[in-house]
Amino acid sequence: MSNGDILVIGSMNMDLVVQTGRYPDKGETIIGKDFDQIPGGKGANQALAVGKLGGSVSFIGACGNDNFGDELLSSLKTGGVNVDNVFRVEENTGIAAITVEEDGDNRIIVVSGANSKLSSSMIDKLEDEIKEVEAILLQMEIPLKTIVHTIELAHQYQTTVILDPAPAQELPEDIYEQIDYLLPNEGELELLLQDYNLTTTQEQVDQLLDWGVGTILLTRGKNGIILYTKGRQEHYKAIEVEAVDTTAAGDSFAGAFAYGLQQGWSEEKAIKFGNQVAALVVTKLGAQSSLPTIEDVEEFKQ
Ligand code: ATP
C-alpha cells in the first residue's frame, strides 16, 4: 500500500445469481431462466470498481481456503486491486444467493462465512498501512466491532472515512463524527435511526449531521443522489438508462465516488462521475462483471 491509495475494507462473496421471470411463492418451486456464478461482496465490488477505473486500490478482507476464495482473489487481482493483505481463514468463503427478476429487481441473501472472521486484531496488524492511505472505504458486511474499530483508527490518522452503511444496522452515536462521507440509500437511512422515531428523511438527515457526519450522499436509485451537509443540500439527477440488473449500483457509485476524490476532483464532479458509472452498471447483469473501465465510461458519455 502507498500514499494516495484507496483502501477498501470489507466483504468478499461468491454471488450465485439466478435469473427468473418472477419470484416463487412460499412453498412453490418454479423453473428459473439462467444461473451464473459471479464474484461479488460489497467490499470486493467497491475495490474492483476503483481498480477497474484505474485507481490505486488495496483490499483487506477474509476468505476461506477454498475454490471460491481462489476465484475471488484472482478476479480482484485481474482488476488491478492489491490483495496482499487479504486473510485466508478456516471458514468457508462467503456467498450471496441472488435472484433477479425480469424488470431488474433483485433479492439477496448473504451467508457471511469467512467475512465474519475479519476482526479488529487483524486490522491492527495493518495499522502501518492504514495510516498511509488517502481514504478508507467501508461497508457493513463485516463485523460491526471491526467497522467501528477501523473508523476510529482511520480517524486517528486523519484518513478520509467513507461508509456505505449496507446492510444497515445501528451504529454507536459517537462514531458518526468520525465519518467524512456516509452513503446510505433511503431504507438504510431509516434503519440506522430505527430507534429514534424520526419519520421524515429531513429529520433523519438532520440527526446524523447533528451527530457530526461530514456529508451524507443519499442514493435514490433512478432518482439520483441528494447531498446533505450542514447548511447545504444539492440534488444530482441519475442518468436515464434501461435497467437490466440494479445489483452493485450502490457499490459502483461508492467506488467511483472514492476514485473521483482520489483524482482530486470536487465533490460535485465525483458525484456526477459516480452517477455515470452506476448508470452503466445497471444496464448489465451481475456485480463485478458489470463494472466499467474508465474507457467504457468515456464512451458512454459521448
Ligand atoms: P445496491 O444495494 O443495489 O447496490 P443501492 O440501493 O445502494 O444499490 P441505489 O440508490 O439503488 O443504491 O443506486 C445507487 C446509484 O446508482 C443511484 O444514486 C444512481 O446514480 C444509480 N442508479 C441506480 N439505479 C439506477 C437506474 N435505474 N437508472 C440510472 N441510475 C441508477
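Preceding block: the structure.
Along each chain, the written sequence defines residue order, and numbers are assigned to residues from 1. Local features in this predicted model are restricted to residues whose pLDDT is 70 or higher, and side-chain atom pairs enter the listing and the counts only when it is 80 or higher, whereas totals over whole chains, interfaces and linings include all residues. Side-chain figures throughout are based on the complete set of non-hydrogen atoms in the structure, without hydrogens or water.

K.L.:
Give a detailed account of the packing of aromatic side chains, specifying residues and quantitative values.
P.N.:
Only rings of Phe, Tyr and Trp enter the pairing, Trp through its six-membered ring, and a pair is recorded when the two centres are within 6.5 Å. The plane angle decides the type: under 30 degrees is stacked, over 60 is edge-to-face, the rest tilted. Tallied over the entire structure, the rule returns 7 aromatic pairs. Measuring from centroid to centroid gives 5.1 Å for Tyr 181 and Phe 257, while their planes differ by 75°, and the two rings are edge-to-face. With Tyr 181 in strand E12 (residues 181-182) and Phe 257 in helix H8 (residues 249-262), this pair connects stretches of sequence that are 76 residues apart. No difference in accessibility class separates Tyr 181 from Phe 257, as the two residues are buried. With centroids separated by 6.2 Å and ring planes inclined at 10°, the aromatic side chains of Phe 253 and Phe 257 adopt a geometry described as stacked. Numbered from the N terminus, helices here are DSSP runs of H or I no shorter than four residues, and strands are runs of E no shorter than two. Exposure classes here rest on a 1.4 Å probe applied to the protein chains alone. A residue is buried below 20% of its type maximum, exposed above 50%, and partly exposed in between.

K.L.:
Go over the nonpolar core with me, naming the residues and quoting the values.
P.N.:
Counting 47 residues, the largest nonpolar core has Met 12, Phe 59 and Leu 76 as its most contacted members. Broken down by secondary-structure element, the contributors of at least two residues to this core are strand E1 (6-9), helix H1 (42-53), strand E4 (57-60), helix H2 (67-78), strand E10 (135-138), strand E14 (225-229), H8 and helix H9 (267-282). Listed in part, the 42 residues of the second largest apolar core include Phe 87, Met 122, Ala 154 and Tyr 176. Put simply, a nonpolar core is a bunch of buried Ala, Val, Leu, Ile, Met, Phe, Trp, Tyr and Cys residues held in one set by side-chain atoms that sit within 4.5 Å of each other.

K.L.:
Got a sec to walk through the site of the ligand? Specific residues and values, please.
P.N.:
Here a residue is near a molecule or strand as soon as one of its heavy atoms is found within 4 Å of it. Around the ligand sit 21 residues in total, of which Asn 185, Thr 219, Gly 221, Gly 250 and Asn 275 are the nearest. For the purposes of these results, a polar contact is taken to be a pair of N or O atoms within 3.5 Å, where, inside protein, one atom must be able to donate a hydrogen and its partner to accept one; residues adjacent in sequence count only when each atom of the pair is a side-chain atom. For the ligand, an oxygen atom lies 3.4 Å from a polar atom in the backbone of Arg 220. Coverage of the ligand by the protein amounts to 87% of the 630 Å² it exposes when considered alone. Of all the secondary-structure elements, those providing two or more residues to the shell around the ligand are H8 and H9. The biggest single contributor to the shell around the ligand is H9, with 4 residues. Computed with a 1.4 Å probe, the accessible areas rest on the Shrake-Rupley method; for each residue, only the protein chains presented here act as cover.

K.L.:
Before we move on, could you go through the sheet that holds strand E9 (residues 106-111) and cite the residues and values that matter?
P.N.:
Pairing between strands requires that DSSP locate at least two bridges from one strand to the other. Taken in spatial order, the 4 strands make up an open sheet running E3-E2-E8-E9, and their pairing is mixed. The two strands at the open ends of the sheet, each matched to only one other strand, are strand E3 (34-40) and E9. Taken pair by pair, the neighbouring strands of this sheet meet at an average axis angle of 20°, ignoring direction. Bridge analysis of strand E2 (residues 13-20) against strand E8 (residues 94-101) gives 8 bridges, and the strand direction is parallel. By the bridge assignment for E8, Asn 13 is matched with Gly 94. Note on definitions: angles span 0 to 180 degrees between N-to-C directions of axes, and those axes are lines fitted to C-alpha atoms, for helices only across the stretch in contact.

K.L.:
Pulling in residues and values, what's your account of the sheet that holds E12?
P.N.:
One open sheet accounts for 9 strands, arranged E6-E4-E1-E10-E11-E12-E13-E14-E15; its pairing is mixed. Because the sheet does not close on itself, it has two edges, and the strands there are strand E6 (81-82) and strand E15 (232-236).

K.L.:
Just give me the short version of helix H5 (residues 144-156), but keep the residues and values in it.
P.N.:
The span expected for a helix works out to 1.5 Å for each residue beyond the first. Helix length check: H5, at 13 residues, gives a terminal C-alpha distance of 18 Å against a target of 18 Å (1.5 Å per residue), a fit within 8%. In the segment just after H5, Gln 158 is the residue with positive phi, at about 55°.

K.L.:
Explain the pairing of E14 residue by residue, including any values.
P.N.:
Counting buried positions along E14 yields 5 of 5 residues, so the element is predominantly enclosed. In this sheet, E14 lies alongside strand E13 (residues 215-219) in antiparallel orientation, the contact comprising 5 bridges. Residue Thr 215 lies in a different strand from E14, and its bridge partner there is Thr 229. With antiparallel pairing between neighbouring strands as the criterion, E13 and E14 make up a hairpin whose turn holds 5 residues, including Gly 221 at a positive phi of roughly 55°. Here 5 bridges tie E14 to E15, and the two strands are oriented antiparallel to one another. From the neighbouring strand, Thr 229 faces E15, where its bridge partner is Arg 232. From the end of E14 to the start of E15, which pair antiparallel, there are 2 residues, and Gly 231 there has a positive phi angle of about 80°.

K.L.:
Describe the pattern of salt bridges, and please don't skip the residues or the numbers.
P.N.:
Salt bridge, as applied in this entry: a Lys or Arg side-chain nitrogen positioned within 4 Å of an Asp or Glu carboxyl oxygen. Per the counting criterion, the structure on display carries 11 salt bridges. In this structure, the salt-bridge partner of Glu 91 is Lys 117, at a minimum N-O distance of 3.8 Å. Highlighted residues: Glu 91 in the loop between strand E7 (87-89) and E8 and Lys 117 in the loop between E9 and helix H3 (120-124), separated in sequence by 26 residues. We classify Glu 91 as partly exposed; its relative accessible area is 33%. Of the residues examined, Lys 117 reaches a relative accessible area of 41% and is grouped as partly exposed. The partner of Lys 131 in a salt bridge is Asp 128, and the shortest N-O contact between them spans 3.6 Å. Since its relative accessible area comes to 40%, Lys 131 is described here as partly exposed. Exposure remark for Asp 128: the relative accessible area of 51% places this residue in the exposed category.

The quantities given are spatial measurements derived from coordinates; they are silent on function.
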